[in-house]
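Residue strings, one per chain:
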Amino acid sequence: MSNKVEKDEFSGTDTTGHEWDGIKELDTPMPRWWLWTMYASIIWAIGYWIVMPAWPLISSHTAGFLGYSSRGSLEQELADATAAHAEDRNALVTMELSAVKNNSQLYQFALRGGKSAFAVNCSQCHGSGAQGAPGFPNLNDDDWLWGGDVDAIYETIKYGIRSDHDDTRIGEMPAFLTDEMLTKEQINDVAEYVLSLSAEREDTAAVDRGQEVFMENCASCHGDKAKGGRDFGAPNLTDAIWFYGKDKDIILRTISRGRNNVMPAWVDRLDDATIRQLALYVHSLGGGE
Ligand code: HEC
Ligand code: HEC
């Protein structure tokens, strides 16, 4: 092994001076373009450190001369978007809700806004497609506890149901066993009666006894024909749509221990234009009256 640097005849490049068994190592320089690209990257990086937020500090980071932050730019974009929609939002809050449909551009704007506000605020309880779940009503059907025209929906969303707002909708399904208003037998009978309204029942004697119990204890809220009562948010008991479930066990539990699910009031959380968009969106889902 020798250490002599010499010029390689064939390529014209210097060798490193390393040689093994007659094979010499060439000391080929980096291509120019590569070197320049690397220098340019270094200069770019230094410039970037100076103008953009870059280096971590103990509890923050260097801000950079431009003061850019992705959060700031998002805020700006949101403000721009709100400003761009200001006209539509103003129109929405000054118009009768039922009249918005006649203005197709404004109506489309409301539905789009309502859809995204629903995904953010409502879907965790009502489901992403507003299909509901036991105790959380399906908003796609035309079965309404509190009313399905757009103004009624608007009021429900604004003040909630059994919420902490003073103007909330109230109505209570009493706990007939817990509060000793009915006996277990009476509750079984009235459950049979309720079930008989939507399906054949075998124990017709219980159904007959249950009807009496119903007239005395339940009709005041659910109606003589058990078609429901919107003043109290009492569900229609004659259809195939069940709020809590169609099984007898569930119905027994409802009558025995009562039910009082809560829908929050949105008036203090969302602005009026958004609540109106939501009302129009929910109304458009298929069941609007
Ligand atoms: C914390 C869960 C929850 C959230 C969040 C929620 N809701 Fe509700 N909502 C309920 C419950 C529970 C009821 C049924 C109340 C009752 O028992 O009458 C209900 C009822 C309703 C009703 C009345 C249905 C009828 O049949 O009359 C409408 C309309 C409604 N919600 C719309 C919305 C909208 C729009 C949002 C989003 C802004 C929303 N809800 C967010 C729980 C929720
Ligand atoms: C003071 C009014 C009131 C009275 C009286 C009343 N209910 Fe209710 N009932 C309601 C309300 C309100 C609901 C809905 C509860 C909720 O939204 O969480 C309800 C819900 C129900 C449900 C659940 C329906 C479903 O779709 O899952 C059944 C079943 C029911 N009531 C049966 C009865 C029976 C039987 C009686 C008489 C023994 C009775 N109710 C008396 C107000 C009343």
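Rules of the game
Residues numbered from 1 in each chain as written. Chains lettered and ligands numbered in written order. Predicted model: local features only at pLDDT ≥ 70, side-chain atom pairs only at ≥ 80, totals over all residues. Heavy atoms only, no water. Near = heavy atom within 4 Å. Helix = DSSP H or I, 4+ residues; strand = E, 2+ residues; numbered from the N terminus. Nonpolar A, V, L, I, M, F, W, Y, C, P; charged D, E, K, R; others polar. Polar contact = N/O pair within 3.5 Å; in protein donor to acceptor, adjacent residues only side chain to side chain. Domains from an automatic or database assignment. Contact = heavy atoms within 4.5 Å. Buried area = accessible area lost by both parts, 1.4 Å probe.

### Description of the site of ligand 2
Here is step 1 of the chain: By nearness alone, 27 residues border ligand 2, and Met-173, Cys-218, Cys-221, His-222 and Tyr-244 come closest of all.
Here is step 2 of the chain: Those elements that provide at least two residues to the shell around ligand 2 are α6 (184–196), α8 (219–222) and α9 (248–257).
Here is step 3 of the chain: Ranked by the residues each element gives to the shell around ligand 2, the list is headed by α9, at three residues.
Here is step 4 of the chain: Across the shell around ligand 2, the residue classes tally to 17 nonpolar, seven polar and three charged.

### Digging into the site of ligand 1
Here is step 1 of the chain: Close to ligand 1 lie 25 residues, the nearest being Cys-122, Cys-125, His-126, Leu-145 and Met-263.
Here is step 2 of the chain: For ligand 1, an oxygen atom lies 2.7 Å from a polar atom in the backbone of Leu-145.
Here is step 3 of the chain: Side-chain polar atom of Trp-146 to an oxygen atom of ligand 1: 2.9 Å apart, as the coordinates give it.
Here is step 4 of the chain: Contributing elements (two or more residues each) for the shell around ligand 1: α4 (123–126), α5 (150–159) and α10 (272–284).
Here is step 5 of the chain: Residue contributions to the shell around ligand 1 peak at three residues, all from α5.
Here is step 6 of the chain: Classifying every residue of the shell around ligand 1 gives 18 nonpolar, five polar and two charged.

### Regarding the domain arrangement of the chain
Here is step 1 of the chain: The domain architecture assigned to the chain consists of domain 1 (71–167 + 263–284) and domain 2 (184–257).
Here is step 2 of the chain: Inter-centroid distance (C-alpha atoms) of domain 1 to domain 2 is 33 Å.
Here is step 3 of the chain: Contacts between domain 1 and domain 2 engage 13 residues on the former and twelve residues on the latter.
Here is step 4 of the chain: Roughly 880 Å² of surface becomes buried between domain 1 and domain 2 when both sides are summed, with 58% attributable to carbon and sulfur atoms.
Here is step 5 of the chain: Per-residue buried area on domain 1 facing domain 2 is highest for Asp-143, Leu-145 and Trp-146; these three make up 55% of the total on that side.

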